[in-house]
Structures are given as C-alpha cells and as structure tokens.
Amino acid sequence: MSSDERTSIQDRCRCHPTLPAGRARAMRVNHEYGRGGALAYRAAYDVHRAKVFGRCEVTTGITPFMALVEQVMTTEPYARRVFWIVDYGSSHRGKKAADRLTKAFPSAIMVHTPVHASWTNQIEIFFLIVQRKVVSPDDFPDLVQVRNRVRAFEDRYNTAAQPFQWRFTTSDLDDLLARPDRH
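Keep in mind that what you see is a predicted model, and the values were worked out from it rather than measured.

Undergrad: Quick question: what am I supposed to make of the environment of V69 here?
TA: With respect to the helices and strands, the residue V69 is situated in helix α1 (residues 62-73). In sequence terms V69 and A79 are 10 residues apart; their C-alpha atoms lie 14 Å from each other. Apart from residues no more than four positions distant in its own chain, V69 is found in contact with W84, L101 and F105.

Here it is as structure tokens:
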C-alpha cells in the first residue's frame, strides 16, 4: 500500500464564474474568491490492483491515518503481509508509528521513503492526477462539494485504472548514476 495525504484542498468560491476554454481562448478563472475551509484527502493505493482507498478529513494526524489503515486492512482480500509505503509525515513518522501500526495490525509493516524522496511513492502520481483533473481550478461553493467531487473521482478511477507500469530498470539507474562521470 502506497499511502500519503493531500492537505488543504481549499473550498474557494470564485466571485465570478469560471469560464471554460473556447476557440483561441484559455480558461478564465477569476482571481477573487471567498474562502470556506479546507479538507485533507488521505489515500492508500494498492499498487498491485490499482485500487485507491480514500478518506476526506477535516484534519490530519495519527487518528485519521489509523482510520485509513483500518479501512484498508479490514477489506478483503487479506494478505499475509502488507507493506505500507509512507513518507516522514507527522502522522506516520518514526519507530513509534511503525510500532503502532504493527500493534494494531500484525501483518502490516511500515516502510518509509528516503528523506526528501517522497516522490518515489506511487500515491504521489495519483495525487498529481487528482490535482489536475479534480481540484484545479479550485472553484467550489462548499466543502460538501469538494468531498463529493473527490470521492466521485476515486470511484471512477477504481473502475478504470490499471497498475502503473514502471519502465525504469536497474540498468537505467546504473546509467543515470554513471552519467556525471562521463561528462
């Protein structure tokens, strides 16, 4: 399971309606808006089945993270071991978080991405898609619509998605690392 959170999805109601792109005209988004709050979208991505488990929360922290873990770990099919790939976010940082996860679910093993390399976590690709296709431009009248739109996209994604096909091999990595020496 590849897991992370997309914090501060804003409820911004634009003062004038957003106009779609037209012939020879880019989309028009008004820069003035009223702010109505924010949500955190926490998600776990099953890398083998391309299935997203998500939750929209008003806050971040240990409790929402463990609620997501429980949501995933109580869903079939069960596995003998489930590796949770996470970054060093405050809700799942360090040995205490790993111990808490294993105590709650003995088959769960927390694996942290290297510091400053959270981009290696596959959930980041999903969050990039959410940012481009769901959240931008952020023009929502209330938090309920934000939540509904994110959840509807998650449902649609789960029906159509295929696992990401990584094409970067160890040979590619060796070549990349040797490139500075060649110059």
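Undergrad: When you look at the pattern of salt bridges in this model, what are you seeing that I'm missing?
TA: Where charged atoms from two side chains of opposite charge come close, those side chains can pair. Here the structure, examined in full by the defined rule, presents six salt bridges. For E5, the salt bridge identified is with R42, shortest N-O distance 2.1 Å. Taken as a pair, E5 in strand β1 (residues 2-14) and R42 in strand β2 (residues 33-46) lie far apart in primary sequence, 37 residues in all. Take R42: its relative accessible area is 2%, and that puts it in the buried class. A salt bridge links D46 to R49; its shortest N-O distance comes to 2.7 Å.

Undergrad: When you look at helix α3 (residues 123-135) in this model, what are you seeing that I'm missing?
TA: An α-helix turns once every 3.6 residues. As a result, residues three or four positions apart point the same way. Buried residues of α3: I123, F126, F127, I129, V130, V134 and V135, and no others. What you see down the axis of α3 is that its buried residues fit within an arc of 155 degrees, all on one side. Turned more than 90 degrees off the buried face of α3, the exposed positions are R132 and K133.

Undergrad: Got a minute to help me understand the pairing of strand β5 (residues 108-112) in this structure?
TA: The two faces of a sheet get side chains in turn, since along a regular strand they alternate between them. Where strand β4 (residues 82-86) meets β5, five bridges bridge the pair, whose relative direction is parallel. Bridge pairing in β5 links V86 to H112. Remark: the β4/helix α2 (residues 94-104)/β5 crossover connection has right-handed handedness.

Undergrad: Looking at this model, I keep getting lost on the packing of aromatic side chains. Mind explaining?
TA: Describing an aromatic ring pair means giving the distance of the ring centres and the angle of the ring planes. This structure, assessed with the given rule, holds seven aromatic pairs. Considering the side-chain rings of F65 and W84, the 6.2 Å spacing of their centres and the 80 degrees angle between planes classify their relative orientation as edge-to-face. One end of the pair, F65, is in helix α1; the other, W84, is in strand β4, with 19 residues separating them in the sequence. A relative accessible area of 1% means that F65 is categorised as buried.

Undergrad: Help me understand the side chain of S3, please; the structure alone is not making it clear to me.
TA: Residue placement: S3 occurs in strand β1. By relative accessible area, which is 1% here, S3 ends up buried. Among the polar contacts made by the side chain of S3, one reaches the main-chain carbonyl oxygen of A43 at a distance of 3.3 Å. Among all residues touching S3, those that are not within four sequence positions of it are A43, A44, F65, L68, W84, I85, V86, N121 and I123.

Definitions and cut-offs
- Residues numbered from 1 in each chain as written.
- Predicted model: local features only at pLDDT ≥ 70, side-chain atom pairs only at ≥ 80, totals over all residues.
- Heavy atoms only, no water.
- Helix = DSSP H or I, 4+ residues; strand = E, 2+ residues; numbered from the N terminus.
- Contact = heavy atoms within 4.5 Å.
- Salt bridge = Lys/Arg side-chain N within 4 Å of Asp/Glu carboxyl O.
- Buried < 20%, exposed > 50% of the residue type's maximum accessible area, 1.4 Å probe, protein only.
- Arc of directions from axis to C-beta.
- Pairing = 2+ DSSP bridges.
- Right-handed = clockwise from strand over helix to strand, strands pointing away.
- Phe/Tyr/Trp six-rings, centres within 6.5 Å; stacked < 30°, edge-to-face > 60°.
- Polar contact = N/O pair within 3.5 Å; in protein donor to acceptor, adjacent residues only side chain to side chain.

Without other data, these values stay purely geometric and don't point to any function.
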